[in-house]
Amino acid sequence: MLGASTLVVRLATIEQAASLGNDFEFLRTVEPDRAVAVITRLAKYMPGASCIPQAITCRAWLALGGHPADIVIGFHHRGYWQGHAWVETNTGERLFLPEQSPFRETLRL
């Protein structure tokens, strides 16, 4: 879980940097697909950066760039319960969720 917390703290640092001026304007202009690619890559180097901290980080980053999005948590049962978190943009785009996902929405934040 320490890695997950680190990922969220890093995003807070990104927000602070973005408020410093035009040198960090690229942080505000990120597109959803690019945010997913960057967060997925960073998560490989951060132990504990599972789907929930990735979804939280993505939603915060997209909000910084003016892209409203929700964090969605869903479950499915195949002999045992499995859960997953993903991000859904206001245009209906689902991030961090495969097209043929068995997960059903349970909670939207």
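### Topic: the overall build of the chain
So, point 1. Within the chain, the secondary structure is distributed over 3 helices and 4 strands.
So, point 2. Of the regular secondary structure in the chain, the N- to C-terminal order runs α-α-α-β-β-β-β.
So, point 3. Across the chain, the fraction of contacts at a sequence separation of at least 24, relative to all contacts at a separation of at least 6, is 56%.

### Brief notes about the sheet that holds strand β2 (residues 81-89)
Hydrogen bonds between backbone atoms are what pair the strands of a sheet, whose relative direction is either parallel or antiparallel.
So, point 1. What the 4 strands build is an open sheet, ordered β3-β2-β1-β4; its pairing is antiparallel. In this open sheet, the two edge strands, each paired with only one partner strand, are β3 (94-95) and β4 (104-108).
So, point 2. Here strand β1 (residues 69-77) pairs with β2 via 9 bridges, running antiparallel. Residue pairing in the sheet places H77 in a bridge with W81 of β2.
So, point 3. Here helix α3 (residues 51-64) sits on the sheet in contact with β1, β2 and β3, set at roughly 10° to β2.

### Comments concerning the environment of G65
So, point 1. Relative to the assigned elements, G65 resides in the loop between α3 and β1.
So, point 2. Each C-alpha atom of the pair G65 and F26 lies 9.0 Å from the other, and the pair is 39 residues apart in sequence.

### With respect to the nonpolar core
So, point 1. Core analysis: the largest hydrophobic core is formed by 20 residues, its most contacted members being C58, L62, V87, L95 and F96.
So, point 2. At the level of elements, α2 (32-43), α3, β1 and β2 are the ones that each hand at least two residues to this core.
So, point 3. Residues within four places of F96 in sequence aside, it is in contact with V36, I39, T40, Q54, C58, H84, A85, W86 and V87.

### A closer look at the pairing of β2
So, point 1. Taken together, β1 and the strand that follows it, β2, pair antiparallel across an intervening segment of 3 residues, in which G79 is found at a positive phi of about 85°.
So, point 2. With 2 bridges connecting them, β2 and β3 associate as antiparallel partners. Counterpart to V87 in the pairing with β3 is L95.
So, point 3. Linking β2 to β3, which pair antiparallel, is a turn of 4 residues; within it G92 sits at a positive phi near 90°.

What counts and how
- Residue positions are counted from 1 within each chain, in the order its sequence is given.
- Note on the predicted model: pLDDT of at least 70 is required for a residue's local features to be given, and 80 or more for side-chain atom pairs to be given and counted; whole-chain, interface and lining totals, by contrast, use all residues.
- Excluded from the side-chain calculations are hydrogens and water; all other atoms, namely the structure's heavy atoms, are used.
- Secondary structure counts use DSSP, requiring at least four H or I residues in a row for a helix and at least two E residues in a row for a strand, with both numbered from the N terminus.
- Any two residues whose heavy atoms approach within 4.5 Å at even a single point are treated as in contact.
- When DSSP locates at least two bridges between a pair of strands, those strands are taken to pair.
- Here an axis means a line fitted to C-alpha atoms, over the contact stretch when the element is a helix, while the angle between two N-to-C directions is reported on a 0 to 180 degree scale.
- Each nonpolar core is a collection of buried residues, namely Ala, Val, Leu, Ile, Met, Phe, Trp, Tyr and Cys, held together in the definition by side-chain atoms within 4.5 Å.
- Throughout, exposure labels follow a simple rule: accessible area from a 1.4 Å probe, protein chains only, divided by the maximum for the residue type, with under 20% read as buried, over 50% as exposed, and the rest as partly exposed.

Honestly, that's just the spatial picture; any functional story needs more than this.
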